[in-house]
Amino acid sequence: VLADPLPTLAGYFAKADKHTTFYASGLCDPSVFDALSGFNVQLWFPVQDAVPELKNCPTISGGTTAVTRAPFLAKYLGFRDVTLFGVDSSYDQGRYCYPDGSYPDDSKASVNRVMCNGEGPFYTEYPLINQVSQLGLLATYPSWGVDFKIRCNGLMAAYLRAPLEMDADIELQ
């Protein structure tokens, strides 16, 4: 699932597998579509201000990142059993779990030391803390029609182990 509008995202596809289906937001830079020429690319648009609803293209709700939109895209595609792997939302070292995973337009947000549920410290950025709360909400509410699970370590796993207090009247659509 691709949502990043930055042109350097295109650099991630140098070793792309021809058997992969790429679900690319229509807000991605044209260079991303150029890099994926000849691949199976399915277009979608995020539901957000200034993005009109299109007749022949899905508009997908969700949170603020590609990974928080992915479960909603999966639901749109008909999947009802969705598991995300490796969405730790924190860093062991550096900003990526793979050596060639950075690009020049990457986040410049400061990395903070965070404790959660008496565990940590976890090193993360504020946008990833937001991602944790959004994914955590999806993982704790069965009422949205998807059997949704998260399998990871790091900050996300600590958050999911934490006691959760919520208003029982909240329902996700």
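Right above here is the structure, for reference.
Residues numbered from 1 in each chain as written. Predicted model: local features only at pLDDT ≥ 70, side-chain atom pairs only at ≥ 80, totals over all residues. Heavy atoms only, no water.

Here we look at the environment of Leu 73
Following the sequence through the fold, Leu 73 ends up in helix H2 (residues 66-76). Overall, the relative accessible area of 4% leaves Leu 73 in the buried class. In the structure, Leu 73 is positioned 11 residues away from Gly 62 in sequence and 8.6 Å away in space, judged by C-alpha atoms. In this structure, Leu 73 is in contact with Val 1, Tyr 23, Trp 44 and Ile 60, ignoring residues within four places of it in sequence. (Helix = DSSP H or I, 4+ residues; strand = E, 2+ residues; numbered from the N terminus. Buried < 20%, exposed > 50% of the residue type's maximum accessible area, 1.4 Å probe, protein only. Contact = heavy atoms within 4.5 Å.)

Some thoughts on the side chain of Thr 68
Summarising the element assignment, Thr 68 is placed in helix H2. A polar contact of 3.4 Å, which involves the side chain of Thr 68, links it to the backbone nitrogen of Gly 63. A polar contact of 3.1 Å, which involves the side chain of Thr 68, links it to the backbone nitrogen of Thr 64. In this structure, Thr 68 is in contact with Gly 62, Gly 63, Gln 131, Gln 134, Leu 135 and Leu 138, ignoring residues within four places of it in sequence. (Polar contact = N/O pair within 3.5 Å; in protein donor to acceptor, adjacent residues only side chain to side chain.)

With respect to the environment of Pro 7
Position of Pro 7 relative to the elements: it lies in the segment before strand S1 (21-25). For Pro 7, a relative accessible area of 38% translates into the label partly exposed. Residues Pro 7 and Val 32, 25 residues apart in the sequence, show an inter-C-alpha distance of 6.6 Å.

Considerations on the packing of H2 against helix H3 (residues 126-140)
Describing two packed helices takes the angle between their axes plus the distance from one axis to the other. Look at H2 against H3: their axes get within 9 Å of each other, and the N-to-C directions meet at 20°. Between H2 and H3, the crossing angle belongs to the class labelled roughly parallel. When you trace H2 past H3, the crossing you get is left-handed. Two secondary-structure elements touch here, H2 through Val 67, Thr 68, Pro 71 and Phe 72 and H3 through Gln 131, Gln 134, Leu 135 and Leu 138. When the residues that make up the contact of H2 with H3 are grouped by side-chain class, the tally is five nonpolar, three polar and no charged. (Axes fitted to C-alpha atoms, helices over the stretch in contact; angles between N-to-C directions. Parallel < 35°, antiparallel > 145°, perpendicular 65-115°, else oblique. Left-handed = near helix turned anticlockwise from the far one by under 90°. Nonpolar A, V, L, I, M, F, W, Y, C, P; charged D, E, K, R; others polar.)

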